[in-house]
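Close look at the chain arrangement
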Amino acid sequence: MMNRFEGPGAREARIRYLDGDFQVTSPGAFVRCAVTGESIPLDELKYWSVARQEPYVNATVSFNRELQLNPDLRKRA
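Chains are numbered independently. Their residues run from 1 in the order of the written sequence. At least 70 in pLDDT is required for a residue's local features to be given in this predicted model, at least 80 for side-chain atom pairs to be given and counted, and no such filter applies to totals for whole chains, interfaces and linings, which use all residues. In computing side-chain properties, one takes all heavy atoms of the structure into account and sets aside hydrogens as well as water.

**Brief notes about the overall build of the protein chain**
Put simply, DSSP marks the helices as runs of H or I at least four residues long and the strands as runs of E at least two long, and each gets a number from the N terminus on. Regarding its fold elements, the protein chain presents one helix and six strands. The linear arrangement of helices and strands in the protein chain, starting from the amino end, is β-β-β-β-β-β-α. Residue exposure (1.4 Å probe, protein chains only): buried if accessible area is under 20% of the type maximum, exposed if over 50%, otherwise partly exposed. Here the protein chain holds 77 residues, and the buried ones make up 26% of them. In the protein chain, the proportion of contacts linking residues at least 24 apart, taken out of those at least 6 apart, comes to 26%. Here the open area of atoms and residues is found with the Shrake-Rupley method and a 1.4 Å probe, where only the protein chains shown may cover a residue. Roughly 5,500 Å² of accessible area belongs to the protein chain as shown, and the carbon and sulfur atoms make up 48% of that amount. The contact criterion used is simple: two residues touch if any of their non-hydrogen atoms lie within 4.5 Å.

**What about the nonpolar core?**
Of all hydrophobic cores here, the largest spans 11 residues; its members are Ala13, Ile15, Tyr17, Val31, Cys33, Ile40, Leu42, Leu45, Trp48, Tyr56 and Val61. Excluding anything up to four places from it in sequence, Ala13 contacts Ser26, Pro27, Gly28, Phe30, Val31 and Leu42. To qualify as a nonpolar core, a set must consist of buried Ala, Val, Leu, Ile, Met, Phe, Trp, Tyr and Cys residues joined through side-chain atoms within 4.5 Å.

Just distances and angles here, no functional claims.
Structural data, given as C-alpha cells:
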C-alpha cells in the first residue's frame, strides 16, 4: 500500500511564496517545514514567510520562527 508521499508525485515541490498564495515552480506533492523538517502536503500548506520564502508546518512554528529572527517583537505587548 502506498502512502501520499510515494509514487510519481512523491517528490518535494519547489514553491514561490506570495502574499496569501503560492506558486508551484517545480511540481511535487509536499514541501518541508523550514524549522522542523516535517513534510507538509501542498493541500495542507497554510503558513509561510514571503520575506524568507520559508514554509511552516503550523502557526506556532511560524510565530516562534518570527520571534527567533526578530527578538524585538517580544518587547511589544
